[in-house]
Amino acid sequence: MAEDHSAEGTDNGAEYSDVVVDEQTAVHLVYRPQPADTLVGLRVRNRIKRIGLLLRGVFLTLWVGQWLLSAVGRGSVDVVSTVLVVFVILVVWGYPRLQATSVQRLIGWQGEYRVSVSPAGITCRSDHSTLFQKWSVFQGYRETAGHFVLLSRDPNIMYVGVLPKREVHEAGDLDRLRAILDQHTTRV
């Protein structure tokens, strides 16, 4: 019996046929995502959205206010409520770190990421997947001291792409990367 390798699901490159990556202008990064990279991306996302920071601030203020009012009303500090307030403060402070650790578990197993940023878009390859994103996916980017953080266009900013600057090794690539980002998306 002869094997038939025809039409069903074997054309892995069909989706990319209209995209030509100009290797001369593309900037390449090869890295393993780190929890610190994810944390930077989540912090930038929270600063842009602001609602998460507002809710965490209100939640923390209510807990501390309740603790202060109960301490003043009783004339003494209750050990149980003090422990609960300290716990809430630690959870609110540590939530972004817990979230970054959770995201790292989702993406870390994929191994090394090979990213090409070109005028056509961003291509990210790992040992298990290939993802191509056109510039229209992104509402913009924010540059931090060590990263470029790309933010998706959807209202909840569900996708955050983090490009660590430490992985740009060739002279001039950092400026070329910044120029490509400025040309195809906006700073937010």
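Residues numbered from 1 in each chain as written. Predicted model: local features only at pLDDT ≥ 70, side-chain atom pairs only at ≥ 80, totals over all residues. Heavy atoms only, no water.

All right, on to the pairing of strand β3 (residues 121–125) then. The buried fraction of β3 is high, at 4 of 5 residues. Two elements, β3 and strand β4 (residues 130–133), share 4 bridges in a ladder whose sense is antiparallel. Residue Arg125 lies in a different strand from β4, and its bridge partner there is Thr130. Where β3 hands over to β4, the hairpin turn is made up of 4 residues, counted between the paired strands. (Buried < 20%, exposed > 50% of the residue type's maximum accessible area, 1.4 Å probe, protein only. Helix = DSSP H or I, 4+ residues; strand = E, 2+ residues; numbered from the N terminus. Pairing = 2+ DSSP bridges.)

Here the focus is unusual backbone geometry. Located in the positive-phi region is Ile157, a residue other than glycine, with phi close to 45 degrees. Assignment of secondary structure puts Ile157 in the loop between β6 (147–152) and β7 (160–164). Given the relative accessible area of 3%, Ile157 is considered buried.

This part is about the sheet that holds β3. Within the open sheet, the 4 strands sit side by side as β1-β2-β3-β4. Their pairing is antiparallel. Every other strand in the sheet has two partners, leaving β1 (27–31) and β4 as the edge strands with one partner each. Between one strand axis and the next, the sheet turns by 10 degrees as a mean value, whatever way the strands run. (Axes fitted to C-alpha atoms, helices over the stretch in contact; angles between N-to-C directions.)

The tendency in soluble globular proteins is for nonpolar side chains to be buried as a group. With 18 residues, the main nonpolar core has Leu29, Val115, Val117, Trp135, Leu150, Leu163 and Leu177 as its most contacted residues. For Leu177, the residues in contact, after removing those within four places along its chain, are Val27, Val117, Phe148, Leu163 and Val168. In this structure, Val40, Val44, Val149 and Leu151 belong to the second largest nonpolar core, which totals 5 residues. (Core = buried A, V, L, I, M, F, W, Y, C linked by side-chain atoms within 4.5 Å. Contact = heavy atoms within 4.5 Å.)

So, about the sheet that holds β6. On the basis of which strands lie adjacent, the open sheet formed by 3 strands has the order β5-β6-β7 and antiparallel pairing. Only two strands of the sheet have a single neighbouring strand rather than two, namely β5 (138–143) and β7. On average, each strand axis in the sheet is inclined to that of its neighbour by 20 degrees, with strand direction left out of account. Bridge count for β6 against β7 is 5 bridges, and the pairing is antiparallel. Looking across to β7, one finds that His147 is bridged to Pro164. Lying over the sheet, helix α1 (residues 35–49) contacts β5, β6 and β7, oriented at roughly 50 degrees with respect to β6. Contacting β5, β6 and β7, helix α4 (residues 173–184) runs over the sheet at an angle of about 20 degrees to β6.

In the contact formed by helix α2 (residues 51–74) and helix α3 (residues 79–108), the axes pass within 10 Å of each other and the chain directions differ by 170 degrees. One finds that α2 runs roughly antiparallel with respect to α3. Along this stretch, α2 crosses α3, giving a crossing that reads as left-handed. In contact with Arg56, Phe59, Leu60, Trp63, Val64 and Trp67 of α2, α3 contributes Ser81, Thr82, Leu84, Val85, Val88, Ile89, Val92 and Pro96. Class assignment for the residues of the contact of α2 with α3 results in 11 nonpolar, 2 polar and 1 charged. (Parallel < 35°, antiparallel > 145°, perpendicular 65-115°, else oblique. Left-handed = near helix turned anticlockwise from the far one by under 90°. Nonpolar A, V, L, I, M, F, W, Y, C, P; charged D, E, K, R; others polar.)

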